[in-house]
Protein chains: 2
Amino acid sequence: MAEPGGDGLAFTCPVPLIGTERILLAHGGGGQLMHRLIEQVLAPPLSNAALDARHDGGVIALPSGARLAMTTDSYVVRPLFFPGGDIGSLAVNGTVNDLAMCGARPLGLSAGLILEEGFPIADLGRIVESMRRAAQAIPVPVVTGDTKVVERGKGDGVFINSAGIGLVGEGIDIRPARVCEGDAVVLSGDLGCHGIAVLAAREGLSFETTIESDCAPLWAPVLALLDAGLHIHCLRDLTRGGLASALVEIAEAGSASIEIREDLIPVRDDVRGACELLGFDPLYLANEGRFVAFLPAGEAARAVEILRQFDPARQATRIGDVRPRDETAVAMRTRYGGRRVIDMLSGEQLPRIC
Amino acid sequence: MAEPGGDGLAFTCPVPLIGTERILLAHGGGGQLMHRLIEQVLAPPLSNAALDARHDGGVIALPSGARLAMTTDSYVVRPLFFPGGDIGSLAVNGTVNDLAMCGARPLGLSAGLILEEGFPIADLGRIVESMRRAAQAIPVPVVTGDTKVVERGKGDGVFINSAGIGLVGEGIDIRPARVCEGDAVVLSGDLGCHGIAVLAAREGLSFETTIESDCAPLWAPVLALLDAGLHIHCLRDLTRGGLASALVEIAEAGSASIEIREDLIPVRDDVRGACELLGFDPLYLANEGRFVAFLPAGEAARAVEILRQFDPARQATRIGDVRPRDETAVAMRTRYGGRRVIDMLSGEQLPRIC
């Protein structure tokens, strides 16, 4: 993609493909624009097998044959503290969850802080304490860190990057491309609490009930599925872009079609009410403690039974199936018997949700 | 450090120890204030053996006995492009160098981007292309990534976090605590080019000659030292805080005293001139392709000979020795025969240098 000559760094920008010359908020939203930015600008120059798998983490083989998963996430959530969590618990759970989605036992996390000049040190202390609690609960050590400070007005309080490494057990091969006809889609719980909780805290909205973020570590329920010997084909946590965007990404990578049933998808009444009021669709809301599992349909009931033993997955349920590929990647049978085509999030729904 | 009761996140902030209630730019400068922030606020709650080693990366033992090093750095350099490098090459080389300082062969990197709304996509393309080149030169794959976008005025163009993992070879044990009496201090090259190059680009200064950043990958020269069977006790790259802060940190962790000789430390005439003009001390300037090695004095000449075979280390030289611990952690014999006590950087010299 480099032009010959010049300063050696000249670069033909794929502007026509991207459709805009400048970064928009929606490029970070987990939907179509982010997808295009990754596929057309960020990923091609850096292409390699691990990155090209487009999974929640990259998998690296060690000389011994053991496989490591590596993942990274920057957290820019606003506000920093919200019902059910804060940027610290999010930074630990979110990254551990990405490892879990690779079937990887967490070995270690890093913590990279970008602080804005003037940020209260007492708030920083609260955040680090929250990271400690989340890390101890898993348990996983934070083995290395970095601190940078930017001038007032060049940051926003604190941004946290946490990368994670984990060990992928023998025989485990979890990735979108393995999803195939005959798989069931199991959802671990109800949708949308994280998105609504953060939005309400940000905008000062209050509902009849307090909606708390679903932010939770998912390694324990995933480990239980693996220990039971179930043939997990793919796992995906439902963060930015929500259930809808995750299913579209997986269907496209796996070259299969997915059909889900609206009446089987748990959404709390207060979350549904908030969505109706605010014009959101729970299928696109971000979650920080929910995932989908793809596995042979015959194993779905056992998976649901196992998942329901864990707090963040008490409402686990089978919501759909994988069909032979047709012209629709993801479709949903609605409550009223119709068939709705599910697309990736288009535009930005809620910026800075994680 | 948590108070009993309350919301479960109450936190007694160690304000008296830190001496300020809010983050200052100097908390990111690599000197005394950053050291205090880490030792008193960030590290204690997260304490574990890997983190407590206070090395450039944390080392984790795998079940197989193999050891992994993990490191993280966020890059917030301003301007994004400067003579000799840019934020992309810095993000790759800086993180690979931290792995090298653990004696770890780089296995994979992550790339976490925090973009500001409105950032030109063509610039992003240039940066990713620069990351590609730097990664290919090592070579190391970027195995996973993340993209976040913040509103205009809540970031500064682009911040990049890159974490890295590497494999520590058998028998290698490189860390500050191993530095001991009888070690020589070998410096890999001249000081200060990165700091002056970035400052000049930021402030629009021009000198008679163009001073380019020393930004360079250091794994190849480190590997050559290891392959030669030299008994390396500690390695440290000389980034924020420069040579002086690195030596003080190592002396304190190793419980030894270090003496260096000013006349043996290479500094280019134009860098020295810029320092005199601007009131900087080359000992505290940031470098992105320079390191110190501690090893038994009898092996120093061989180390210098090996290092000089590599471009970024052509001026490698022995600059001092480790002595029995006395009241001064680090001292320098000046050109004029005096003895200067070397302290950690106090306050902020150049913010956002990496």
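Reading the values: the criteria
Residues numbered from 1 in each chain as written. Chains lettered and ligands numbered in written order. Predicted model: local features only at pLDDT ≥ 70, side-chain atom pairs only at ≥ 80, totals over all residues. Heavy atoms only, no water. Helix = DSSP H or I, 4+ residues; strand = E, 2+ residues; numbered from the N terminus. Rg over C-alpha atoms; globule rule 2.2 N^0.38 Å. Buried < 20%, exposed > 50% of the residue type's maximum accessible area, 1.4 Å probe, protein only. Contact = heavy atoms within 4.5 Å. Lys, Arg positive; Asp, Glu negative; His and termini not counted. Charge placed at Lys NZ, Arg CZ, Asp CG, Glu CD. Polar contact = N/O pair within 3.5 Å; in protein donor to acceptor, adjacent residues only side chain to side chain. pLDDT = per-residue confidence, 0-100. Domains from an automatic or database assignment. Buried area = accessible area lost by both parts, 1.4 Å probe. Salt bridge = Lys/Arg side-chain N within 4 Å of Asp/Glu carboxyl O. Nonpolar A, V, L, I, M, F, W, Y, C, P; charged D, E, K, R; others polar. Patch = residues over 30% accessible without salt bridge, like charges linked within 9 Å, V, L, I, M, F, W, Y side chains within 5 Å. Areas by Shrake-Rupley, 256 points an atom, 1.4 Å probe, with all protein chains shown as cover. Least-squares fit on C-alpha atoms with pLDDT ≥ 70 in both. Pairing = 2+ DSSP bridges. Axes fitted to C-alpha atoms, helices over the stretch in contact; angles between N-to-C directions. Arc of directions from axis to C-beta.

Caption draft 1: The overall build of chain A, seen in detail. A count of helical and extended segments in chain A gives 10 helices and 14 strands. Rg of the C-alpha trace for chain A: 20 Å, near the compact-globule value of 20 Å for 354 residues, within the 12% margin. The dimensions of chain A, computed from C-alpha atoms along their principal axes, are 55 × 55 × 45 Å. The buried share among the 354 residues of chain A stands at 62%. Restricting the contact set of chain A to residue pairs at least 6 apart, pairs at least 24 apart contribute 82%. With 32 positive and 45 negative side-chain charges, chain A shows a separation of 2 Å between the mean positions of the two kinds.

Caption draft 2: Seen up close, the side chain of B:Arg236. Residues and elements named next belong to chain B. Mapped onto the elements of the fold, Arg 236 is located in strand β9 (residues 234-237). Judged by its relative accessible area of 5%, Arg 236 is buried. Only 2.9 Å separates the side chain of Arg 236 from the side chain of Glu 249, close enough to count as a polar contact. Residues within four places of Arg 236 in sequence aside, it is in contact with Arg 54, His 55, Asp 56, Met 101, Pro 176, Ala 246, Glu 249, Ile 250, Arg 290, Phe 291 and Val 292.

Caption draft 3: Representation of the confidence of the model for chain A in the model. All names here are of chain A. Taken as a whole, chain A shows an average pLDDT of 93; of its residues, 95% reach a score of 70 or greater. For the stretch residues 1-16, pLDDT sits under 50, and the model shows 25 contacts to residues farther than four places along the chain or on other chains. Overall fold confidence for the complex sits at a pTM of 0.94, while the interface term, ipTM, reaches 0.94.

Caption draft 4: Spatial organisation of the domain arrangement of chain A. Residue and element names in this part refer to chain A. For chain A, the assigned domains read domain 1 (56-168) and domain 2 (176-341). If you average the C-alpha positions of domain 1 and of domain 2, the two centres end up 23 Å apart. Each partner contributes to the roughly 1,800 Å² buried at the junction of domain 1 and domain 2, and carbon and sulfur atoms together form 64% of this total. Viewed at the interface, domain 2 and domain 1 are joined by 1 salt bridge. For the salt bridge of Asp 56 with Arg 236, the shortest nitrogen-to-oxygen distance reads 3.6 Å. Counting across the interface, domain 1 meets domain 2 through 5 residue pairs in polar contact (both at pLDDT 80 or more). Contributions of two or more residues to the side of domain 1 that touches domain 2 are made by β3 (81-82), α4 (87-100) and β5 (104-116). With 8 residues, α4 is the single largest residue contributor to the side of domain 1 that touches domain 2. In terms of residue class, the side of domain 1 that touches domain 2 is made up of 12 nonpolar, 6 polar and 5 charged.

Caption draft 5: Up close: a nonpolar patch on the surface. All names here are of chain A. Judged by side-chain polarity, Leu 205, Leu 277 and Leu 278 come together as a nonpolar surface patch covering roughly 270 Å² of accessible area. On the secondary structure map, Leu 277 appears in helix α9 (residues 269-278). On the basis of relative accessible area, Leu 277 is assigned to the exposed category, the value being 68%.

Caption draft 6: The arrangement of the relation of the copies chain A and chain B in detail. Relative to chain B, chain A is turned by 180 degrees and slid 0.0 Å along the rotation axis, the superposed coordinates differing by an RMSD of 0.0 Å. As the rotation angle and translation indicate, the two copies are arranged about a two-fold axis. When C-alpha positions in chain A are compared against the rotation axis, the closest is assigned to A:Gly155, at 2.2 Å. Both copies present the same face, since 100% of the interface residues in chain A are matched by interface residues at the equivalent positions in chain B.

Caption draft 7: Highlighting the interface of chain A and chain B. On the side of chain B, 89 residues touch chain A, which itself brings 89 residues to the contact. Regarding the contact of chain A and chain B, the summed buried area is about 7,600 Å², with carbon and sulfur atoms giving 69% of it. For the pair chain A and chain B, the interface holds 10 salt bridges. Linking chain A with chain B are 24 residue pairs in polar contact (both at pLDDT 80 or more). Put simply, the parts of the chain that give the side of chain A that touches chain B at least two residues each are α2 (32-46), α3 (49-52), β1 (58-61), β2 (67-75), β5, α5 (121-137), β6 (142-150) and β7 (158-168) of chain A. Considered class by class, the residues forming the side of chain A that touches chain B number 46 nonpolar, 23 polar and 20 charged.

Caption draft 8: Inspection of the sheet that holds strand β10 (residues 257-261) of chain B at higher detail. Residues and elements named next belong to chain B. Spatially, β9-β11-β8-β12-β10-β13-β14 is the arrangement adopted by the 7 strands of the open sheet, whose pairing is mixed. Of all strands in the sheet, those with a lone pairing partner are β9 and β14 (339-341), marking the two edges. Averaged over all pairs of adjacent strands, the angle between their axes in this sheet comes to 25 degrees, without regard to strand direction. Pairing of β10 with strand β13 (residues 330-333), which is carried by 4 bridges, proceeds in the parallel orientation. In the sheet register, Arg 261 faces β13, and the bridge partner there is Arg 333.

Caption draft 9: Seen up close, the pairing of β13(B). Residues and elements named next belong to chain B. Looking at chain direction, β13 and β14 are connected through 3 bridges and run antiparallel. Counted as the bridge partner of Met 332 is Arg 340 from β14. Remark: 5 residues form the turn of the hairpin made by β13 and β14, two consecutive strands paired antiparallel; Gly 337 in that turn has positive phi of roughly 90 degrees.

Caption draft 10: Structural view of α9(A). Residue and element names in this part refer to chain A. Those residues of α9 that fall on the buried side of the exposure criterion are Asp 270, Val 271, Ala 274 and Cys 275. Projected onto a plane normal to the axis of α9, the buried residues spread over an arc of 140 degrees and lie on a single side. Residues of α9 that are exposed and point over 90 degrees away from its buried face: Asp 269, Glu 276 and Leu 277. Buried residues in α9 make contact with α6 (193-203). Just beyond α9, the residue with positive phi is Gly 279, at close to 80 degrees.

Caption draft 11: The pattern of salt bridges, seen in detail. In this structure the tally under the stated criterion is 52 salt bridges over all chains. A salt bridge links B:Asp146 to A:Arg240; the nearest nitrogen and oxygen atoms lie 2.9 Å apart. With B:Asp146 in strand β6 (residues 142-150) and A:Arg240 in the loop between β9 (234-237) and α8 (242-254), the pair connects residues from two separate chains. Residue B:Asp146 shares its accessibility class with A:Arg240, and that shared class is buried. Across the pair B:Glu259 and B:Arg323 runs a salt bridge whose closest N-O atoms are separated by 3.4 Å.

Caption draft 12: Spatial organisation of helix α6 (residues 193-203) of chain B. Residue and element names in this part refer to chain B. Counting buried positions along α6 yields 9 of 11 residues, so the element is predominantly enclosed. Taken together, the buried positions of α6 are Cys 193, His 194, Gly 195, Ile 196, Ala 197, Val 198, Leu 199, Ala 200 and Arg 202. Considering only its buried residues, α6 is in contact with β3 (81-82), α4 (87-100) and α9 (269-278). Gly 204, located one to two residues past α6, shows a positive phi value of around 70 degrees.

Caption draft 13: Molecular detail of the pairing of strand β2 (residues 67-75) of chain B. Residue and element names in this part refer to chain B. Of all 9 residues in β2, 8 are buried; the element is thus mostly enclosed. Sheet analysis places strand β1 (residues 58-61) next to β2, joined by 4 bridges and oriented antiparallel. When the sheet's bridge partners are listed, Gly 58 is paired in β2 with Met 70. Here β1 hands over to β2 after 5 residues, with Gly 65 in that stretch at a positive phi of 100 degrees. Sheet topology places β2 next to strand β7 (residues 158-168); 9 bridges connect them, and they run antiparallel. Bridging from a neighbouring strand, Arg 67 pairs with Val 168 of β7.

Caption draft 14: Up close: the sheet that holds strand β14 (residues 339-341) of chain A. Residues and elements named next belong to chain A. Here 7 strands make up an open sheet; going across it, the order is β9-β11-β8-β12-β10-β13-β14 and the pairing mixed. In the strand order of this sheet, the two ends are held by β9 and β14, each with one partner. Strand after strand, the sheet turns through a mean of 25 degrees between neighbouring axes, direction not considered. Note: strand β8 (residues 183-187) against strand β12 (residues 317-323), 4 bridges, orientation antiparallel. Across the sheet, residue Leu 187 finds its bridge partner in β12, namely Thr 317.

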